[in-house]
Amino acid sequence: MKVLVTGGAGYIGSVTTRVLLARGHEVEILDDFSTGHREALPPGVPLHEGSLLDAGFVDRVLAAPVDAVLHFAAFSLVGESAVRPLKYYRNNVGGSVNLLDAAARAGVRRFVFSSTAAVYGEPDEMPITEHAPTRPVNPYGHTKLAIEWALADTAAAAGFPAVALRYFNACGATPELGEDHEPETHLIPRLLRSLLDPAAGFAVFGDDYPTPDGTCIRDYVHVADLAEAHALALEADARPGLSVYNLGSETGASVREILAAAAAATGLPVEPRIEPRRPGDPARLVAGNARARRDLGWRPCRSDLPTILRDAWDWHRRHPRGYRG
Ligand SMILES: NC(=O)c1ccc[n+]([C@@H]2O[C@H](COP(=O)([O-])OP(=O)(O)OC[C@H]3O[C@@H](n4cnc5c(N)ncnc54)[C@H](O)[C@@H]3O)[C@@H](O)[C@H]2O)c1
């Protein structure tokens, strides 16, 4: 298939692009480099440099027809979204509306959207299935849910099948591509950066949660497994309307388990500061992934902690300043 990847210079989009190319798809990338990296682009892949906020630009990109759109481009800092909500509504919702409008008019045959566990908020039941109520607790999650609604309505009206993949905590790396966000808010890259630069320090927020070791449990999924899920969603039998899938490993790991896995992968002592709980951090968030396994044949086979920490550490050790070196 000919596929347009928005956000293909970012963390998950760049890894997915490599998987699509390896499976014989033809890929074009649309990115404005607001958080992405030129170094993450594969050689020879056509690049449309510009923002989804420029509706004319998006129309021109989609004037040359593509079969499918994979839509990663978004801002995704939860804390910043609470301080600057309209920055998130403008970019995430506004950009997606421009993209959906152009995609529907261009007659795309499939649309795959990067959604998030944040659409669930703090559900009562674990593991979280796709039937759980969607009650986001921050503006970032609101924007992602709003895009799911716009996507469902557009897919129904324009008659193309659409997929929303709700990722849990993306992590890990491939030999060439890793996680380089600024600021970095994700646990594993922050931890590994602190091992490379002990002056940076590393804090665990709360060790008195009602979990076996007192620290929060989250569901970590290797970026290569996420990328694989996108290829499967693209290639699966088309279902009308919007299909929603959780992408998580279904097991969950506590912060202390991550620290132990990091110590084992790096051979370095891991000595965090313990700080008080942060408001709004639920004790446990774990995905049910049975639907993605059943419908897409997805198997998150790299999402065990030793593999995640080994791959992330390999990348960070070789790129202590991220893509800058
Ligand atoms: N990383 C995670 O753990 C995680 C979890 C759940 C969902 N997600 C979602 O997955 C997607 C990718 O996440 P990521 O971690 O790879 O993010 P990222 O910041 O690394 O990549 C986003 C890419 O989109 C581009 N972009 C942003 N706004 C744009 C615009 N208006 N026009 C053109 N390009 C634009 C950026 O330059 C960047 O290359 C996002 O939609 C995010 O919300 C990520």
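As the structure is a prediction and not an experimental result, all values here were calculated from the model.

About the criteria used
- Residues numbered from 1 in each chain as written.
- Predicted model: local features only at pLDDT ≥ 70, side-chain atom pairs only at ≥ 80, totals over all residues.
- Heavy atoms only, no water.
- Helix = DSSP H or I, 4+ residues; strand = E, 2+ residues; numbered from the N terminus.
- Rg over C-alpha atoms; globule rule 2.2 N^0.38 Å.
- Areas by Shrake-Rupley, 256 points an atom, 1.4 Å probe, with all protein chains shown as cover.
- Lys, Arg positive; Asp, Glu negative; His and termini not counted.
- Charge placed at Lys NZ, Arg CZ, Asp CG, Glu CD.
- 1 Å grid on protein atoms, 1.4 Å probe; cavity = no way out; pocket = protein on both sides within 12 Å on 5 of 7 lines; lining within 4 Å.
- Points joined across faces, edges and corners; volume = space filled by probe spheres on them.
- Nonpolar A, V, L, I, M, F, W, Y, C, P; charged D, E, K, R; others polar.
- Expected span 1.5 Å × (residues − 1).
- Buried < 20%, exposed > 50% of the residue type's maximum accessible area, 1.4 Å probe, protein only.
- Salt bridge = Lys/Arg side-chain N within 4 Å of Asp/Glu carboxyl O.
- Core = buried A, V, L, I, M, F, W, Y, C linked by side-chain atoms within 4.5 Å.
- Domains from an automatic or database assignment.
- Near = heavy atom within 4 Å.
- Polar contact = N/O pair within 3.5 Å; in protein donor to acceptor, adjacent residues only side chain to side chain.
- Phe/Tyr/Trp six-rings, centres within 6.5 Å; stacked < 30°, edge-to-face > 60°.
- Lys NZ or Arg CZ within 6 Å of the ring centre and 35° of its normal.
- Axes fitted to C-alpha atoms, helices over the stretch in contact; angles between N-to-C directions.
- Parallel < 35°, antiparallel > 145°, perpendicular 65-115°, else oblique.
- Left-handed = near helix turned anticlockwise from the far one by under 90°.
- Contact = heavy atoms within 4.5 Å.

Peer 1: Help me understand the overall build of the protein chain, please; the structure alone is not making it clear to me.
Peer 2: Each helix and strand counted, the protein chain has 10 helices and 13 strands in total. For the protein chain, the C-alpha radius of gyration of 19 Å lies close to 20 Å, the compact-globule estimate for 325 residues. Considered along the principal axes of its C-alpha atoms, the protein chain spans approximately 55 × 45 × 40 Å. For the protein chain, the computed accessible surface area is about 13,800 Å², with 53% contributed by carbon and sulfur atoms. Side-chain charges of the protein chain comprise 33 positive and 40 negative groups, with the mean position of each set lying 1 Å from the other.

Peer 1: Which parts of the structure should I look at to understand the layout of surface pockets?
Peer 2: Unoccupied space between atoms shows up once a probe the size of one water molecule is rolled over them. Of the pockets and cavities examined, the second largest pocket occupies roughly 180 Å³. What lines the second largest pocket is simply Leu191, Ser194, Leu195, Pro198, Gly201, Phe202, Leu268, Pro269, Val270, Glu271 and Pro272. Residue composition of the lining of the second largest pocket, grouped by class: eight nonpolar, two polar and one charged.

Peer 1: Mind showing me how you'd approach helix α7 (residues 223–235) here?
Peer 2: Each full turn of the α-helix corresponds to 3.6 residues, which orients residues three or four apart in the same direction. Helix length check: α7, at 13 residues, gives a terminal C-alpha distance of 19 Å against a target of 18 Å (1.5 Å per residue), a fit within 8%. Across the 13 residues that make up α7, a large majority, 11, are buried. Burial in α7 covers these residues: Val223, Ala224, Asp225, Leu226, Ala227, Ala229, His230, Ala231, Leu232, Ala233 and Leu234.

Peer 1: How do you make sense of the pattern of salt bridges when you look at a structure like this?
Peer 2: Opposite charge on two side chains makes pairing possible when the charged atoms of those side chains draw close. Under the defined criterion, the tally for this structure stands at 23 salt bridges. The residue arginine 302 makes a salt bridge to aspartate 225 at a minimum N-O spacing of 2.7 Å. Here aspartate 225 lies in helix α7 and arginine 302 lies in the loop between α9 (290–296) and α10 (305–318), a separation of 77 residues in the sequence. Residue classification places arginine 302 among the partly exposed residues on the basis of a relative accessible area of 28%. Each of Arg23, Asp225, Glu228, Glu235 and Arg302 takes part in salt bridges that share partners, so that together they form one network.

Peer 1: Hey, could you run me through the nonpolar core in this one?
Peer 2: Within soluble globular proteins, side chains that are nonpolar tend to cluster in buried spots. Core analysis: the biggest nonpolar cluster contains 41 residues, and Val5, Ile12, Leu20, Leu70, Leu165, Leu247 and Trp298 have the highest contact counts within it. Within the residue set of this core, elements represented by two or more residues are β1 (2–6), α1 (11–22), β2 (26–31), β4 (68–71), β6 (162–167), α7, β11 (242–247) and α9. No other element matches α7, which puts eight residues into this core. The residue makeup of this core includes at least three contributed by each of domain 1 (2–170 + 221–247) and domain 2 (173–219 + 250–286 + 301–324). Counting residues in hydrophobic clusters, the runner-up holds 24 residues, among them Leu4, Leu52, Phe111 and Phe113.

Peer 1: Just checking my understanding: could you explain the site of the ligand for this structure?
Peer 2: Contacts to the ligand come from 30 residues, most closely from Asp31, Thr35, Asn91, Tyr140 and Lys144. Glycine 10 is positioned with one of its backbone polar atoms (N or O) 3.1 Å from an oxygen atom of the ligand. Lysine 144 is positioned such that a nitrogen or oxygen atom in its side chain is 2.6 Å from an oxygen atom of the ligand. In isolation the ligand offers 840 Å² of accessible surface; the protein chains occlude 96% of this area. Going through the elements one at a time, α1, β2, β5 (110–116) and α5 (139–158) are the ones with two or more residues in the shell around the ligand.

Peer 1: Got a minute to help me understand the packing of aromatic side chains in this structure?
Peer 2: Under the definition given, this model contains four aromatic pairs. Between tyrosine 120 and phenylalanine 168, the aromatic rings sit 6.4 Å apart at their centres with planes inclined by 35°, giving tilted as the arrangement. With a gap of 48 residues between them, tyrosine 120 in the loop between β5 and α5 and phenylalanine 168 in the loop between β6 and β7 (169–171) connect regions that are remote in the sequence. Look at tyrosine 120 and you get buried, because its relative accessible area is 0%. For phenylalanine 168, a relative accessible area of 9% translates into the label buried. Just above the ring of phenylalanine 75 sits the side chain of lysine 87; from NZ or CZ to the centre is 4.9 Å.

Peer 1: Explanation requested: the packing of helix α8 (residues 255–266) against α10 in the structure shown.
Peer 2: Relative orientation and spacing of two packed helices are given, respectively, by the angle between their axes and the distance between those axes. With their axes 9 Å apart at the nearest point, α8 and α10 run at an angle of 55° to one another. As summarised for this structure, α8 and α10 are arranged oblique, according to the angle between their axes. Handedness of the crossing formed by α8 with α10: right-handed. Within the contact between the two elements, α8 uses Glu257, Ile258, Ala261, Ala262, Ala265 and Thr266 and α10 uses Leu305, Leu309, Arg310 and Trp313. Tallied by class, the residues present in the contact of α8 with α10 amount to seven nonpolar, one polar and two charged.

From the geometry alone we can't say anything about function, so treat these as descriptive.
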